[in-house]
Structure formats: C-alpha cells, structure tokens
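Spelled out, the chains give:
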Amino acid sequence: MKTSLLQFCIFFGLILGNSVKAQSGSEHPPIIPKPLKAEWKNSEYNLPTEIKICYSADAEVSAKWLEHLLKNTSSEVQLSEGQNCGNFSLVLKENLKEKLGEEGYNLKVNNTGVELEAATNAGLFYGIQTLRQMFPPEIETGKINGEISLQQVKISDKPNYSWRGTMVDLARSFFGIDYLKKHIDRMALYKLNRLHLHLSDDQGWRIELKSRPKLTEIGGKSSVKNGRSGFISQEEYKELQEYAEARHIIIIPEIDMPGHTYAALMSYPELNCENLENLNPKRATPPEYYHDYRVGWSRLCMENPETYEFVGEIISELAEITHGPWIHMGGDEIEDPHYKEFVVKADSIVRSTGKTAIGWEEATQGKVDESFISQRWNGKTESVVDTKVIESICSSFYFDHANMPGQEHTNNWCKQDGVSLENTYSFSTDDPNVIGVEAPVWTELVVSDDMLDNRFWPRSMALAEVGWTKKEQRDFNNFTQRLGRQAARLENLDINYFRSPEVNWETDKKGGVFSDYMP
Ligand code: TNX
C-alpha cells in the first residue's frame, strides 16, 4: 500500500513537473517561430565525431547549408548523394507537398541521427534553421570544441502565411548591400522570406537604371538630413538578389509613384508640370536637394503624357533586372484628381512586363486588376476592388515607431506610445484575403546601422512568429521566454537589438535599452 502511494506520488509529480516545464517553455530549445507540432523527448543525441550527410537528388544545395552549419562543430563532415547512407539525412519528396506545402518540413532527431524531409529545398532550409536553433549559440561565431548534444525531437512544421516580410526604406537614408546581406541572413534564421526595398522617395533615388542615368547621378546623392546617400548599382542588385534567393528570400523593389517623387523630378526637371505646379507647397525646387522629412508635397505631372513614357521606361527596366514576380508601385499619401487613373495605368504597365503589381492600400481606390496586391498600413481606404492583402497595419508593424514610450528618433503619428513587442505579437486577422505580414522601417529618423538593428530586432522575431505560427499556437508569455533565451545568439550575430523590458533577457549585455548610434 505504502509503495503504491509512493509510486502514485512519483507518477503524479512527474506529470505535474513535466507539464509545468512544458508551459514555462524553458526545458527545450527556444525555437522562434514556434513550430506547428513538436514532440520533445527526454533524451539527447550526441553529435558523433564523424558526420555523413546523405542527401537525395536535387537536395545538394540544402546539404551544403547543413554542412555550413556543422562547420563550427568539431565533427568531421562528409557529403554524399544517396538514400539511408549516413547519420544525417536530407530527403526531398514531391508528394510531401500536400501535407507540408512549399515551405514545410519534418525533422527527426533520435538515437541514430538527424532526418530531415520536405517537398522543396525551401522546406529543407527551414528545417536546418530549426536545427540551428537547437545548437548552442556559440555555433554562430566560432568553433565549439566540446561535445554537442541535441535534444531528441520529432517536428512537423509549416507556415501559416506565405508572405513574411520586412521593408527597408533606402530612400530617406541609404543602406547598402553589406547591411542588406546581414539583414537577409538574420531574416532567414527566423524564416522570413520577403524583403521589400523602398527605393525612391522625395529625398533620394537608390537603384541604377541605365535608361535614366541621372536618377542616380543626381538623385542618388541626396538624402534626409543626417542620413547617408548612395545607390545600388545593377551589378549589386543582381548580387543581392542571388544572395537572398540562396536563403529563400525574394526581393521586391518599390518605385513610389505618383507622390513621393521629388528625387526623380529633381533629376529630370522636364518631368515637372509648367510652373512646378506639381510641387505644392514647394518645399524644394530643382536643382535643390530635399533633406526634410515632411511628406505629401510632390507628385508626377500626371496631366503630361510624357510622364507615362517615363513610368513605362523605368518599370520595364526594373522588371528586366528583377528576379522575383513582384514590382511595388507605391501609391501612398496623395490626393489628386488624376490619382485613380494613374494607378490603373501604372498597374497595367507593371502587368505588361509580366510582373504582378503591389501598391499601398490607397491604390485600391482605383479599379486595379484583380491580381493587384494591396499593402494595408492605416486601414482607412475604401477599396473598389477585392484584392489580396499584405498586412502592415501601422499600430502593429511600423517599426520606425518607438520600441517603448520615450524612445528618441522615432515616428509616432500612428501610435503615440510606440509599437511594443506585444503590439506586434498580438496581431491577428480572420480576413481570408490576407496573404501575410510585413514590417517596414521608414528611415527619416533612422540613419545608422545600429539604429536600424534596434528598430528591427527583436520585433522582427515577433513578426516572424505572427507570420509562421498559427494563432491558436501563439502565447506572448511563452514567446518572450523563448526570446530571452535567444539573447546570446543575437549577440553572437552582432545584432544591436533593443533590450525590451517586456523580456527577461538571459544575458547582461551593457549599453542601455535604447542604444542608438548617431553618426
Ligand atoms: C508614411 S505609410 C509613409 C512614409 C513615411 C512614414 C513615416 C506610407 C505608405 N508612407 O512615406 O516614411 O509614414 O512613418
């Protein structure tokens, strides 16, 4: 009788102990975004001194990523094509598409090794990112000499949304491809897959177009006050796209039109209306640069047919050099009698190049094509068309806003007290038109790499989980616990992240919560 009572207590204690642990999220690796299904075991797999990665046909690129991850372990790694030939296996199976979609994967770590399967290389890549987060954070920086053990697990995972993006405004303050490559690496770790580049605005033009060289010769030299100027050459654009594609990220270039166009109008003054009527108020006039951050005063001269020649020329050249299927045509913050006609024409110009047009939500006041994708930011537009939607609602996703009340160099027009980690995390929608989420950082006030890091991280991790993980699986408390345990990894990756007070960070990095570096 005594023994059975004791047994009962131990049994019950175990259940209780386990469930408490599971709830606290602290006993197994803190994967972000949270996988759809994960069964963590109470045993480990010790990495052997010799690892053989065995991959199926067409999975060599993924095998190389896995090899790259393992190069900081002390195991010797070998690759070979085949089936069941090693302790690490990567398998591509077309017929998994039905269950796992384009980006899902199954990952198994057991006594004998690691098995990863997916329908695509993107799926295998995401499985490798999950595995990466199961390794100690030192894997990000240098060789780990000691033994590494991975917790055994069975994961079956796929994303909720296909669009999981960030946007960098290169026009107000320029960020070159070195920063963007780092950003792409960080995005990939958290399974983000779209990078939108805001390439033109009143303050600068950032993409080289050979048909209109002055756009960068002149427009590339200007920027917002304190910001950096410059532009991306076509060679760099190609290099950046290839870098992104290898990490399963697609780049979406934006030329903002018909408002926010002073940099173009300054570079080619003949594009202005007579008497510069299209600049109102005249915050700057050609050839003057514009360094202020106020918006809504410039527009293309829509009453002039040559304007459409210009739009046709630049969009077709941009389409030619763009690998992805989308061109973003802007369309924000302008009221003009010719506006609706303009967006309809610009949308058809984009479609004539074989690409799909995206625009800020205002564009759906015009009868754009049903293929058009609307990017929602203030939710105020009365659309006349039913389109797919990218959610960037400012109260959740405008990362140019403060991380917490009182943060300097931040915008606050959408939300006075800033966009907290929880504001981002708690976003959800039942709108069936929504294809995903995207967080922009506008850079009127963000003028250094450190500042941009601070605006993106860690809010982009909340964004990643909103994009990947189903609503029913999300829990803010559990998320912040996992996030706190990723501190060392973020530091090893040299990310100047914001030490959000909403998180119990596991490291004691110095430098205050804001830690902006102003040049
Ligand atoms: C609005 S939101 C803009 C940008 C500004 C931003 C500042 C949107 C589509 N346009 O031009 O940079 O506010 O927060």
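Our subject is the structure that appears above.
Residues numbered from 1 in each chain as written. Predicted model: local features only at pLDDT ≥ 70, side-chain atom pairs only at ≥ 80, totals over all residues. Heavy atoms only, no water.

**A short note on the packing of aromatic side chains**
Each aromatic ring pair is specified by the distance between its two centres and by the angle formed by the two planes.
(1) Moving on: Following the criterion strictly, the structure yields 20 aromatic pairs and no others.
(2) Moving on: Each ring, one from Phe 125 and one from Tyr 126, has its centre 5.8 Å from the other, and the planes form 70°; the classification is edge-to-face.
(3) Moving on: For the ring pair Tyr 497 and Trp 505, a centre distance of 4.8 Å and an interplane angle of 50° mean the geometry is tilted.
(4) Moving on: With relative accessibility at 10%, the residue Trp 505 sits in the buried group.
(5) Moving on: Grouping aromatic residues by their ring pairs yields a cluster made of Trp 360, Trp 377, Tyr 398, Trp 413 and Trp 442.
(6) Moving on: When the ring centre of Tyr 243 is taken as origin, the NZ or CZ atom of Arg 247, which lies over that ring, is 3.5 Å away. (Phe/Tyr/Trp six-rings, centres within 6.5 Å; stacked < 30°, edge-to-face > 60°. Buried < 20%, exposed > 50% of the residue type's maximum accessible area, 1.4 Å probe, protein only. Lys NZ or Arg CZ within 6 Å of the ring centre and 35° of its normal.)

**Here we look at the sheet that holds strand β14 (residues 356-360)**
(1) Moving on: Read around the barrel, eight strands follow the order β8-β9-β12-β13-β14-β15-β16-β17 and close on themselves; strand pairing throughout is parallel. Direction aside, neighbouring strands of the sheet carry axes that sit 30° apart on average.
(2) Moving on: Bridging between strand β16 (residues 388-391) and strand β17 (residues 434-441) involves three bridges; their strand directions are parallel. Looking at β17, one finds that Val 389 is bridged to Val 434.
(3) Moving on: In the packing of helix α7 (residues 234-246) onto the sheet, the strands contacted are β9 (194-198) and β12 (250-257), and the crossing angle to β12 comes to about 135°. (Pairing = 2+ DSSP bridges. Helix = DSSP H or I, 4+ residues; strand = E, 2+ residues; numbered from the N terminus. Axes fitted to C-alpha atoms, helices over the stretch in contact; angles between N-to-C directions. Contact = heavy atoms within 4.5 Å.)

**Some remarks on the side chain of Glu 208**
(1) Moving on: Checked against the element boundaries, Glu 208 lands in the loop between β11 (204-205) and α6 (214-217).
(2) Moving on: A polar side-chain atom of Glu 208 sits 2.8 Å from the main-chain amide nitrogen of Gln 234.
(3) Moving on: Leave out the neighbours within four places in its chain, and Glu 208 touches Thr 216, Phe 231, Ile 232, Ser 233, Gln 234 and Ile 321. (Polar contact = N/O pair within 3.5 Å; in protein donor to acceptor, adjacent residues only side chain to side chain.)

**Focus: the environment of Glu 98**
(1) Moving on: Summarising the element assignment, Glu 98 is placed in helix α3 (residues 97-100).
(2) Moving on: With a relative accessible area of 79%, Glu 98 lands in the exposed category.
(3) Moving on: Along the sequence, Glu 98 and Thr 480 sit 382 residues apart, while their C-alpha atoms lie 32 Å from each other.

**Side note on the nonpolar core**
(1) Moving on: Grouped together as the largest cluster of nonpolar side chains are 128 residues, with contacts concentrated most on Phe 88, Leu 131 and Leu 150.
(2) Moving on: Broken down by element, the residue count for this core peaks at eight residues, all from helix α9 (residues 305-321).
(3) Moving on: Among residues more than four places away in sequence, those in contact with Leu 150 are Ser 43, Glu 44, Tyr 45, Leu 47, Val 109, Val 114, Leu 131, Met 134 and Phe 135.
(4) Moving on: Trp 326, Ile 358, Ile 373 and Ile 390 belong to the second largest nonpolar core, which has seven residues in total. (Core = buried A, V, L, I, M, F, W, Y, C linked by side-chain atoms within 4.5 Å.)

**Considering the sheet that holds strand β6 (residues 113-118)**
(1) Moving on: In spatial order, the strands read β1-β7-β5-β6-β4-β2-β3; together these seven strands make up an open sheet with mixed pairing. Here the strands that pair on one side only, and so sit at the sheet edges, are β1 (37-46) and β3 (76-81). On average, each strand axis in the sheet is tilted by 15° relative to the strand beside it, whichever way the strands run.
(2) Moving on: Here helix α4 (residues 121-132) sits on the sheet and contacts β4 (88-92), β5 (105-110), β6 and β7 (149-157); the angle it forms with β5, its principal contact strand, is near 40°.

**Describing the site of the ligand**
(1) Moving on: Around the ligand, the surrounding shell consists of Arg 172, His 260, Asp 332, Glu 333, Trp 360, Trp 377, Tyr 398, Asp 400, Asn 411, Trp 413, Trp 442 and Glu 444.
(2) Moving on: In this structure, Asp 400 approaches the ligand through a side-chain N or O atom, which is 2.7 Å from an oxygen atom.
(3) Moving on: Between an oxygen atom of the ligand and a side-chain N or O atom of Asn 411, the distance comes to 3.0 Å.
(4) Moving on: Burial of the ligand by the protein amounts to 97% of the accessible area it has alone, namely 360 Å². (Near = heavy atom within 4 Å. Areas by Shrake-Rupley, 256 points an atom, 1.4 Å probe, with all protein chains shown as cover.)

**Comments concerning unusual backbone geometry**
(1) Moving on: Residue Pro 33 is reached from Ile 32 by a cis peptide bond, and omega for that bond is -5°.
(2) Moving on: Along the polypeptide, Pro 33 turns up in the loop between α1 (2-24) and β1.
(3) Moving on: Each neighbour pair has its own omega, and for Pro 286 with Pro 287 the value is 5°, a cis peptide bond.
(4) Moving on: By the secondary structure assignment, Pro 287 is in the loop between α8 (262-267) and α9.

**What to know about a positive patch on the surface**
(1) Moving on: Residues Lys 37, Lys 99, Lys 158 and Lys 470 make up a contiguous surface patch of positive charge.
(2) Moving on: Judged by relative accessible area, which is 66%, Lys 99 ranks as exposed. (Patch = residues over 30% accessible without salt bridge, like charges linked within 9 Å, V, L, I, M, F, W, Y side chains within 5 Å. Salt bridge = Lys/Arg side-chain N within 4 Å of Asp/Glu carboxyl O. Lys, Arg positive; Asp, Glu negative; His and termini not counted. Charge placed at Lys NZ, Arg CZ, Asp CG, Glu CD.)

**Observations regarding the pattern of salt bridges**
(1) Moving on: Counting across every chain of the model gives 30 salt bridges.
(2) Moving on: Note that Lys 108 and Glu 115 form a salt bridge whose closest N and O atoms lie 3.9 Å from each other.
(3) Moving on: Through salt bridges with shared partners, a single network forms among Asp 169, Arg 172, Asp 201 and Glu 444.

No statement about biological role is implied by the geometric values presented.
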